[in-house]
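Results of the structural survey
So you can see what is in the structure, the chains are spelled out below.
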Amino acid sequence: MRISVKTSALIAILGASLFLSACVSTEPSCMSPQTRNLDSAITAVQSNLSSGCAAHFDRYYDDLLTIAEGDPRPENKRTFSEFLVWSTDAGLLSRRQAEDYYNRFFNVKFMSMRGDYNNCSHTCPNRQRLLIEMERELSDKERGLLLVSQDSEGYYRADQLFNEVELVLEATCMACAAAR
């Protein structure tokens, strides 16, 4: 059996392309966890984050929260804290970023109120924006405190704090306006 020059050239090209495609590194899949078990999901996410998927951290964190909602337990707070410590140790987040993630979902204090500008010239003109951000954060606290970790007492304290801040801001801005 004789192979034509064209056929042998085609076989050589196919062989070379298969060889080259085997040498090319593939991108990580960065898939969401495929389990409903929080501990297994965290292990899968840590593996993905360590394998080049760090740009998807926010999506992974949201995925983990969704999985935890399916099995809400008070110890989920500790599990998320440990995951965030790991993320800091792995160089994915700064310590401050990890604290912000944790506090936004699992602490009654509002990260939106962390600003150092508590005066008439800064707070009052931005009051509406601040309240909108606090409402979003209260929604995240509902998810973390109530739906993920069953901490209804913590969530209701955060809700009460939100209402108190809203009243104090209103009174402060009224006093600022009267002083002008």
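Refer to the structure presented above.
In this report, the structure presented in the accompanying data block is examined.

**Section: helix 5 (residues 95-106)**
Here helix 5 contains 12 residues, and its C-alpha end-to-end distance of 16 Å stays within 8% of the 16 Å for a straight helix at 1.5 Å per residue. All buried positions along helix 5 are accounted for by Ala98, Tyr101, Asn103, Phe105 and Phe106. For helix 5, the secondary structure elements touched by its buried residues are helix 3 (57-69), helix 4 (76-89) and helix 6 (127-148).

**Let's talk about the state of the cysteines**
Two cysteines whose sulfur atoms are joined by a covalent bond form what is called a disulfide. All told, the structure shown has three disulfides when counted by the stated rule. Each sulfur in the disulfide pair Cys120 and Cys176 lies 1.7 Å from the other. A torsion of -70° about the S-S bond marks the disulfide between Cys120 and Cys176 as left-handed. Remark: Cys176 occurs in helix 7 (residues 152-179) and Cys120 occurs in the loop between helix 5 and helix 6; sequence separation between them is 56 residues. With relative accessibility at 33%, the residue Cys120 sits in the partly exposed group. The exposure class assigned to Cys176 is buried, which follows from its relative accessible area of 4%. A disulfide bridge connects Cys124 with Cys173, and the sulfur atoms are separated by 2.2 Å. Its torsion about the S-S bond being -100°, the disulfide of Cys124 and Cys173 is classed as left-handed. Here Cys124, found in the loop between helix 5 and helix 6, pairs with Cys173, found in helix 7; they are 49 residues apart in sequence, far enough to count as distant. Given the relative accessible area of 9%, Cys173 is considered buried. Counting only the cysteines that take part in disulfides, in the order they occur along the chain, gives the pairing 1-2, 3-6, 4-5.

**Here we look at helix 6**
Helix length check: helix 6, at 22 residues, gives a terminal C-alpha distance of 30 Å against a target of 32 Å (1.5 Å per residue), a fit within 8%. Leu130, Leu131, Met134, Glu137, Leu138, Asp140, Lys141, Arg143, Gly144, Leu145 and Val148 are the residues of helix 6 that are buried. Looking one or two places after helix 6, you find Gln150, whose phi comes out positive at around 55°.

**What about the packing of aromatic side chains?**
For the structure on display, the rule yields 13 aromatic pairs. A centroid spacing of 5.3 Å and a plane angle of 70° characterise the contact between Tyr155 and Tyr156, whose relative ring orientation is edge-to-face. Under the relative-accessibility criterion, Tyr155 is labelled buried at 10%. The rings of Phe57, Tyr61, Phe80, Phe83, Trp86, Tyr101, Tyr102, Phe105 and Phe106 are connected pair by pair, giving a single aromatic cluster.

**Quick notes on the side chain of Asn76**
With respect to the helices, strands and loops of the structure, Asn76 is situated in helix 4. When its relative accessible area of 0% is taken as the criterion, Asn76 is described as buried. Apart from residues lying up to four places away in sequence, Asn76 is in contact with Leu38, Ala68, Asp71 and Val148.

**Focus on the nonpolar core**
Counting residues in each nonpolar core, the largest one holds 23 residues, and the members touching the most others are Phe57, Tyr61, Leu64, Phe80, Phe83 and Leu84. When contributions to this core are tallied by element, the ones reaching two or more residues are helix 2 (38-50), helix 3, helix 4 and helix 5. With seven residues, the single largest contributor to this core is helix 3. The next biggest cluster of nonpolar side chains, apart from the first, holds 11 residues, and it includes Phe110, Leu145, Ala158 and Val165.

**What about the packing of helix 2 against helix 3?**
Taken N-terminus to C-terminus, the directions of helix 2 and helix 3 make an angle of 170°; their axes are 10 Å apart at the nearest point. Compared by their axis directions, helix 2 and helix 3 come out roughly antiparallel. Together, Leu38, Ala41, Ile42, Val45, Asn48 and Leu49 of helix 2 and Phe57, Tyr60, Leu64, Ile67 and Ala68 of helix 3 make up the contact between the two elements. Looking at the contact of helix 2 with helix 3, its residues break down into 10 nonpolar, one polar and no charged.

What counts as what
Residues numbered from 1 in each chain as written. Predicted model: local features only at pLDDT ≥ 70, side-chain atom pairs only at ≥ 80, totals over all residues. Heavy atoms only, no water. Helix = DSSP H or I, 4+ residues; strand = E, 2+ residues; numbered from the N terminus. Expected span 1.5 Å × (residues − 1). Buried < 20%, exposed > 50% of the residue type's maximum accessible area, 1.4 Å probe, protein only. Contact = heavy atoms within 4.5 Å. Disulfide = S-S within 2.5 Å. Phe/Tyr/Trp six-rings, centres within 6.5 Å; stacked < 30°, edge-to-face > 60°. Core = buried A, V, L, I, M, F, W, Y, C linked by side-chain atoms within 4.5 Å. Axes fitted to C-alpha atoms, helices over the stretch in contact; angles between N-to-C directions. Parallel < 35°, antiparallel > 145°, perpendicular 65-115°, else oblique. Nonpolar A, V, L, I, M, F, W, Y, C, P; charged D, E, K, R; others polar.

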